Each structure stands twice: as structure tokens, then as C-alpha cells.
Amino acid sequence: MASFEKYPPAERLGIGPWQIDLVRGTVSAPDGIAALTPRAEHLLLLLARYANLLVTREQILETVWAGRVVEDAAITNCIWQIRKALGERGKEILQTRAKRGYVLMVTDSDWVLDPPPPADGASAAEAGDVSNAPGIAEAHPPVLSDSAHAHTPHRTRRALLAAVIALAALVCGAIAWQQATRETPGRILLRPDVDLTVSIEVSEKSGWLRGSILRSVVDQAYLRGTPVVLLQKPQRRNPFAGAHLQVVVVPANADLVKASISLSRGELRFGKTFVGPATELHKAIEALLEASLAPAKAASRPAADALVSGRAADLQFDHLSAVSEYRRALALEPDFVDAKIALASTLADLGNSMDAQAILKNTRPGSNWTAEQRCAYALLATMLLPEPPPQAGCVLADIRANLNPTGARLAKRRLDAIGSRPMGASRWFLVQAMSIEARQYLGEHPEAESRSTHAERVAAEAGWEQARWRFAAERCKSVLYTGRNDEGIALCDASANALEAMGDALSSLPPRTLALRIQRREPGEASAAQRTQYRAIVDRARSIGSPQGEVDALLALIALDRDDPAVWRTDMARVQELVDKYYAPAMRTDVVNDLTTEHIALRRYRAVLKRVADLENSGTIRSGDELTMLYLKAQSYFALDELAASVAQIDEMSRKGLDVADTNPCLFAWLYVEVEKPDRARVMLKACPYETWDSKSKAGLRGDWGLLANALLHRLDGEPERAWPTVRPRIDELLQIRDLGRLEAEGLAFLARHATAMPGADLDRLKRALAITSAMAEKDGSGPNLRFGVHLLRWRLCAATAAAVENCGPVLPPWALDDHLERRLAVEAAGR
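Residues numbered from 1 in each chain as written. Predicted model: local features only at pLDDT ≥ 70, side-chain atom pairs only at ≥ 80, totals over all residues. Heavy atoms only, no water.

(A) How the structure looks around the state of the cysteines. Counted according to the given criterion, the structure contains four disulfides. Between the sulfur of Cys 476 and that of Cys 492 lies a disulfide, 1.6 Å long from S to S. With Cys 476 in helix H18 (residues 465–481) and Cys 492 in helix H19 (residues 485–501), this pair connects stretches of sequence that are 16 residues apart. Classification of Cys 492 as buried rests on a relative accessible area of 0%. What pairs with Cys 666 in a disulfide is Cys 688, and their sulfur atoms sit 2.0 Å apart. One disulfide, between Cys 666 and Cys 688, carries an S-S torsion of 105 degrees and so falls in the right-handed class. Separated by 22 residues along the polypeptide, Cys 666 in helix H28 (residues 665–674) and Cys 688 in the loop between helix H29 (678–686) and helix H30 (700–716) bring together distant segments of the chain. For the pair formed by Cys 666 and Cys 688, the shared burial category is buried. By sequence-ordered numbering of the bonded cysteines, the protein has its disulfides arranged as 1-2, 3-4, 5-6, 7-8. (Disulfide = S-S within 2.5 Å. Helix = DSSP H or I, 4+ residues; strand = E, 2+ residues; numbered from the N terminus. Buried < 20%, exposed > 50% of the residue type's maximum accessible area, 1.4 Å probe, protein only.)

Right under this line is the structure:
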């Protein structure tokens, strides 16, 4: 479906009886005018945001009805309500485009260009200065129909009068705002939607001063309703809209320090030099801020002091102390909105979505909330609540809520429009991060990489090293997505090391874990080294209180510990414990799926089916997880030799309109050969490009399943002698690899063991395969899949050459007794 852009030249529109506020997302009318239904009001807002542009019925359904299927009469009824309220010109203003959609026709004079004067204490967004406000609606030059450009002299005079009135209102609004905040021309006014950036240079010996200075600055900024962003280096250029405070401290003599303090925004500059005891420096900074900033709009109180301490701790990456301070603030004032939002945000960053979600569920925006509080709440709600409330005009939250594979293209365009404007530091970071994520969803990885590089450069010029290296970590993903693994791993490691060095251990965990996961898990010394590194990440995550960081590292570590059942079970139990304690139900599914898949790796198929049944009965499975559940069941039933049940799962995928190609068509091609349905096997093979897959890729073993299915099809065609020539080239290819890896060894053992049953198979070749794979299976980290393949290959070769099959020992290893299919095929091959 085609997406579309917004083109409002102003934030408010007066049309018919209504005043439409595109920032707040409201429709108001004088008393006595019948109110629209909520759906009709939502539709009117949508049409107004895209005034003079075609809005299709599909776009209406997607936006107003959230993509639900409704009858055409539902849209028609809303259109009728709007036209009825518009009166005789209803059809002229709200026009139908047959079989396509609707257009709300407006003229230049319909746009209300005069923002309402701010009330005392209003935020910048509420005062009409919304260029960086959280609820800003993206603005572009209007694209109007020909009729809209056909101005008469009367319309021109109306437009001129409107401009004069707007100018007068702007002047009055500016005066009212200045008086409300008692700003004078010689002072800097801090805004609630634009951060105060701060950089503090102190010697290593005086490092304790940083916390003292930062605490004072955060306090002064909070009393003026402004957040603070801490920069790690001095600025070379200020790319953000807010003011910047620079503090440089050097020793003066044994007992005194000398500090240069400067505050600037645009052309306004304030500064002073302090020489005195280090313990008195914060007072000098407070004095400068009091003298150069517009007066505070709030007074200090115990709960606010605790909140300020928490924010200062967060800025210094001490998140556990921050959580403690936020909880202390709420103990003093249980309904303290800022403390609730701050606590939920920090808990979510750490990975404790359970407690963060509980805070949001017990909090609802009130009429006394500021626009910034509403937007901060909405952003968190889109990430944590299963059904977040309407975004109430917060554009960034609206984009965040729809930032997914289907909404990425529209999100990208909207973010690019917003990103071209001046804004505060934290909002700039969010816009850039979401813009990169949208491009990654779209598969535009070179563009995402370029965007990350640009963001790194801007952050570096600003002295914001934390942002610079976090964007480098995002660029690492884009590099990996384009297949440049060595470069990507190096970049992930570099960003993790830089973040850790500046104290941001929490942000260092994802790129460090990703770099390790990308490295091939090879048996031997490499596995031992990787295990040590994963354990270090687990310990680091635990020390900073990040359950998510610990879970991510443990899930990767579990794959290395499959050869040690006791350690494997301990790690699995720890992950389950963390998920149960800290993960909100909607966020557990992916981890639970990973834990369930682990049982597949250990060939415990009965356990897989039980876990899937428990999940299905729990009612926590998301609609998008149905395919995963059906695939796990199909794979398990296949291994258990319950072939009809396995086929039934694939049929259920098709019945529900799910794409089987997104699971494992190579394996299912083999399944259809075993149930003697060659036509369906060939259909599956079309989605299994086994001939083109890289033998060293993770998909290599899946390709070998497809190759085996292709070979066994010759048996169904009455030409069994063609099976061995089909698999022999691949076996020879693997035998010739000098640095055979674990994945290739698994594929070699798999093909070789099934080749033992093929007419004309060269047993000497297969014995060479056994020798090579056996040596690999004895190394640390070889994994159960390779050890199972070697055991079964050894048994089959023994059965093919021994005088009595009984001398070959058990068909299956004692820990893999669920592999009924492999047992049956091996026994049948031995009885040829």
C-alpha cells in the first residue's frame, strides 16, 4: 500500500464549525454544535493532516480502524457525519474520489497562523513554539489543488488580514511568555523540550568533583523544567538547539582549584573564573546559572531532590543508584509523575520490563500533565504496554508505535522531515536512532550505515562520545547485515570497548555480545575462549543489574555448553528465572522460543512438544509466533517418526496463510520424500536453494537436508542408483576442506550416514568422513549434533560391514533416544 506525507503549513485549521489542532490531535467546536463520534473525529483529524491530498480508504482503515476489516458503511457513516456538520458545502469541502478515497479541500485562509498565547508556566510546546516539541506534527509546504490556488482579491485581503492578526498575536504571545517566565533580554530561557548540554573537564585526581558539579547543574535545570545531557568531551560545535554549559577545572595549588565556567546559547555568552576550594565550586556554578538563566519556575522539595540525584546518577551510568533514588522520590511522593517516568525508563533500559510495565499500567496521564510528560509516557507505553493508549499528538511516540516492517517506509519519511529541524540533544538522538532502525527494517543497510556515520560525526563534534559510540554500534549491525563480518566484528568490539571505558557498561553489552555471536563457534581452543568471554559478559551484566544483558549472553553461552548437561541445565534455569522475574509477559515469548529451540538442539523432542503445549495453553502466544510453534511441532514430530502429525502441522501453516518458506522447506522436502509425496517435496525444494548456499554458512546444513531430499527422490522415481552420484560431489567437497569447521563437519556426518544406504556408495569415502568428523567431535564445543551424527555414521558403517549388527552396539546414543526416525532408517539400511 502506498504511504503518504503530511503537508500542513500551520498547526491549526479552522474549517466549518471546528477548530482542529494538529499538534494536540483535538477537534473543538462552539457550544451547541453536535459532537462527532470518536471515529468520525479521528477521520476528520486524518483528513486535515493531509488536507488537499487524496486519502485512500485503505489508509483510512489502517489509521482510524488500526487495520481492522470493517464494512464500507462504517467509513461512509463517518463521512456523512462530517458533511452534515459542514452544512450545504459539505460535499464541496469533503470530496469523494470514486473507488479511491476522499480529499478535504481547504484554502490558505482556512489555516490558523496565530498560536494561542501561553498560560503562565506553559511549556514551549503549549506556547506555540513547537519546532522541537514532542507532539510536533511534521510540516511541509502545502500541496494544494488548482482550485485552492485560484485566489480572488477578496481572498487575498483575507489572507493579508490573517497575517497581520497572526503577527500581532505572535508579538503579544512573546510578551506574555516573557512576562510569565520573567525572562529579560540578558538571560537565557531554558525550554522543557530542549536539553541543556553540559561538559565537565576535571583531572583524574579530582574525579569526585564531576558528580558534585553535575548534581548542582541537574538541580538548577530541573527547577526550570529542563533535562540535562552530559557530554564526555568539550564541544567543537554545538549542533543542538539548546544552551551549553562548559566547566574546566585544573589544580591551582595544593588546596585550591581554578575553574573556567561558561554558559552559551547562540549569541548569548556568560562566563566566570573561580579560584578557591573544590568543595565551593558548585556554589559558583549555581551562582552563574542563577544570574544568567531565566528564574526557576519550581521550588526544591525532598522528592524533587531525590529525583535530581537519580538523574545525575543515570547521566553517570550508575543506573542501580538511579533506580534507588527514583524509588526514594516515589516513597516521598507516590504520585510524582517525573519520578514514575524516570524509574520506568531506567528499568526498561536495564531489561526489567515487568516492573516498568507495572508502573505504566498504574499511571494514566492527567489534565495537569505537561506535553513533555505526556510524550515521555507515550514513548515508554509504545514499547512496554501490549495495548498502549492513543498518543495524544505525540508524533515521535506515534512513529515509534508504528516502527515495524510494515510501517517502516512511512516512519522513515516522517523522521527525515523531523530530522531536518533544529532540536534538543536527546530528541536528536531518538530521531536518528529510529531513522536508522527504519532503514534496517527496509533492508536499506548501506543507507542505514551512512546515516549512522553521519550521526557519529555530529555527536563527535558536539563532544557527545556516548552517542557517537552508540551510533557506531548501530553501524556495526549494518556492516554485518551486508556480509562484512570481520569489519563488523571489529567495529562492534571497538564501540563496546569505548562505551565501557567511559563507564557506560550497559550500552557496551549488546555490541559485545553481538560480536561474539557472529564469530563461528569452532570446537577446540576457540570455543573455550568464547565461553570465557561470554561468562565475563554475564558477570558484568549481573554487576550492573541488567537482566536483559545477562539473558542475551546466557542464550549464546548455552549453545557452547550443550556438551556439559549439568552446566547447560544451570544456564537454562537461570535464563528462565530471569525471564519469569523481570520480563513482562509480552516480552518473554522470544526468549521462551529460544529456550524451547535449545531442546531441539539436544534432540529432546518430547520436551519440545510439552513446552509448546504449555505455551499454547498459557494464552501468551502472539499472533506472529504461530508459525514458530507450528514449525517446532512439525520438526519434533518428524524426528519422532510421527510423520502424519508432522505433515498436519505444515498443512495448518498453509490453512492459516502462513509462509512455510519462512521455516525450513529443506527439512520438509525430506519429510515429503519419507511420506512418498514427491510432488510436494519438489515444491519445497523450490524454496530450498541448496545448490547455491555457501558450504561455510549457517544455512549449509539446511542445504544438505535439501540435497538429501533431492537424492532420495530418485528412489521414489524408481532410479535409486542415482542417489549416490547426487550426494557424492558434496561429500567430496567437504572431504577436501583443510580447515573443516563444525557446521561443515555436521553436514558431512549427516550426508555420509544416509549415503550408507544408497546403492553403489563408496564405503571407503564414508570411512574417511568418519575419521575426519570423529576427530572434530572429540574437541571441546563440538556440540550434540555433530556427536550424534558421528555416532550414527559409525553404527551404520559397522552394520554395513560387520557379520552381526548386534556387535555394533546401540543404534542411538543414550541421550538421544527421541530420534525414532533416524533409528528406523538406520535399522532398515542395516537389513538390506
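(B) Representation of the side chain of Gln 649 in the model. With respect to the helices, strands and loops of the structure, Gln 649 is situated in helix H27 (residues 643–655). With sequence-adjacent residues up to four places away left out, Gln 649 is seen in contact with Leu 630, Lys 633, Ala 634 and Tyr 637. (Contact = heavy atoms within 4.5 Å.)

(C) Expanded view of the pattern of salt bridges. Taken as a whole and judged by the stated rule, the model has 51 salt bridges. Between Glu 500 and Arg 540 there is a salt bridge, and its shortest N-O distance comes to 2.9 Å. On the criterion of sequence distance, the pair formed by Glu 500 in helix H19 and Arg 540 in helix H21 (residues 525–543) is long-range, its members being 40 residues apart. Glu 500 sits in the partly exposed class, given a relative accessible area of 26%. We classify Arg 540 as partly exposed; its relative accessible area is 31%. Here the salt bridges do not stand alone but share partners, grouping Arg 409, Lys 412, Asp 416, Arg 439, Glu 444, Glu 447 and Arg 451 into one network. (Salt bridge = Lys/Arg side-chain N within 4 Å of Asp/Glu carboxyl O.)

(D) Quick peek at the packing of aromatic side chains. All chains considered together, the criterion is met by ten aromatic pairs. Plain terms: the ring middles of Trp 428 and Phe 471 are 5.6 Å apart, the flat faces sit at 75 degrees to each other, and that makes the pair edge-to-face. On the criterion of sequence distance, the pair formed by Trp 428 in helix H16 (residues 425–441) and Phe 471 in helix H18 is long-range, its members being 43 residues apart. Of the two residues, Trp 428 and Phe 471, neither departs from the other in class, the shared state being buried. Residues Phe 638 and Trp 670 carry aromatic rings whose centres are separated by 5.1 Å and whose planes lie at 80 degrees to one another, so their mutual orientation is edge-to-face. Taken together, the residues span a long stretch of sequence, with Phe 638 in helix H26 (residues 626–639) and Trp 670 in helix H28 at a distance of 32 residues. Each member of the pair, Phe 638 as well as Trp 670, is classed as buried. Positioned over the ring face of Phe 788 is Arg 603, at 3.8 Å from the centre of the ring. (Phe/Tyr/Trp six-rings, centres within 6.5 Å; stacked < 30°, edge-to-face > 60°. Lys NZ or Arg CZ within 6 Å of the ring centre and 35° of its normal.)

(E) Representation of the side chain of Thr 663. Looking at the secondary structure, you find Thr 663 in the loop between H27 and H28. Of note is the side chain of Thr 663, whose polar atom sits 2.5 Å from the backbone oxygen of Val 660. Each residue touching Thr 663, except ones within four places of it in the same chain, is listed here: Leu 627, Tyr 631, Met 653, Phe 668 and Arg 702. (Polar contact = N/O pair within 3.5 Å; in protein donor to acceptor, adjacent residues only side chain to side chain.)

(F) Highlighting the sheet that holds strand E12 (residues 268–276). Taken in spatial order, the five strands make up an open sheet running E9-E8-E10-E11-E12, and their pairing is mixed. Strands at the two margins of the open sheet, each flanked by one partner only, are strand E9 (228–231) and E12. Each strand of the sheet is rotated relative to its neighbour by a mean of 15 degrees, with strand direction disregarded. Relative to E12, strand E11 (residues 257–265) is paired through nine bridges, and the arrangement is antiparallel. Note that in E12 the partner of Lys 258 across the bridge is Val 275. (Pairing = 2+ DSSP bridges. Axes fitted to C-alpha atoms, helices over the stretch in contact; angles between N-to-C directions.)

(G) The arrangement of the packing of helix H17 (residues 445–462) against H18 in detail. Across the interface, H17 lies against H18 with an axial gap of 8 Å and an inter-helix angle of 165 degrees. Relative to H18, the element H17 is oriented roughly antiparallel. The way H17 lies across H18 gives a crossing that is left-handed. Of the residues in H18, those touching H17 at His 445, Ala 448, Glu 449, Ser 452, Thr 453, Ala 455, Glu 456, Ala 459 and Ala 460 are Glu 465, Ala 467, Arg 468, Phe 471, Ala 472, Glu 474, Arg 475, Ser 478, Val 479 and Tyr 481. Taken together, the residues of the contact of H17 with H18 break down into nine nonpolar, four polar and six charged. (Parallel < 35°, antiparallel > 145°, perpendicular 65-115°, else oblique. Left-handed = near helix turned anticlockwise from the far one by under 90°. Nonpolar A, V, L, I, M, F, W, Y, C, P; charged D, E, K, R; others polar.)

(H) Representation of the environment of Gln 316. Position of Gln 316 among the secondary structure elements: in the loop between helix H9 (302–315) and helix H10 (319–332). Owing to a relative accessible area of 32%, Gln 316 belongs among the partly exposed residues under this scheme. Sequence separation between Gln 316 and Gly 503 is 187 residues; the distance between their C-alpha atoms is 7.5 Å. Those residues within four positions of Gln 316 in sequence are excluded, and the remaining contacts are Arg 210, Gly 211 and Leu 214.

(I) Summary view of the environment of Tyr 534. Positionally, Tyr 534 belongs in helix H21. For Tyr 534, a relative accessible area of 2% translates into the label buried. Distance in space between the C-alpha atoms of Tyr 534 and Thr 513 is 7.5 Å, their sequence separation being 21 residues. Apart from residues lying up to four places away in sequence, Tyr 534 is in contact with Thr 513, Leu 516, Arg 517, Ala 553, Ala 556, Leu 557 and Leu 560.

(J) Quick look at the pairing of strand E1 (residues 12–15). Burial along E1 is two-sided: the face carrying Arg 12 and Gly 14 and the face carrying Leu 13 and Ile 15 are both buried. As defined by bridge partners, E1 adjoins strand E2 (residues 18–21) across four bridges and the pair is classed as antiparallel. Its bridge partner being in E2, Ile 15 is matched across the sheet by Trp 18. Between E1 and E2, which follow one another and run antiparallel, lie two residues, and Gly 16 among them has a positive phi close to 55 degrees. Sheet analysis places E1 next to strand E7 (residues 111–112), joined by two bridges and oriented antiparallel. Bridge pairing links Arg 12 to Val 112 in E7.

(K) A look at the pairing of E9. Residues Val 228 and Leu 230 point to one face of E9 and Val 229 and Leu 231 to the other, with burial holding for every one of them. In terms of strand pairing, strand E8 (residues 196–201) meets E9 through four bridges, oriented parallel. Following the sheet pairing, Ser 199 is matched in E9 by Leu 231. Read from E8 through helix H7 (residues 208–223) to E9, the crossover connection turns out right-handed. (Right-handed = clockwise from strand over helix to strand, strands pointing away.)

(L) Representation of the sheet that holds strand E6 (residues 101–104). Across the sheet, which stays open at both edges, the three strands sit in the order E4-E6-E5 with antiparallel pairing between neighbours. Looking along the sheet, the strands with just one partner apiece sit at the ends: strand E4 (55–56) and strand E5 (94–97). Examined bridge by bridge, E5 and E6 share four bridges and lie antiparallel to one another. Looking at E6, one finds that Thr 96 is bridged to Tyr 102. Packed on one face of the sheet, helix H1 (residues 38–49) meets E4, E5 and E6 and runs near 70 degrees to E6.

Everything listed here is a matter of geometry and, on its own, says nothing about what the molecule does.
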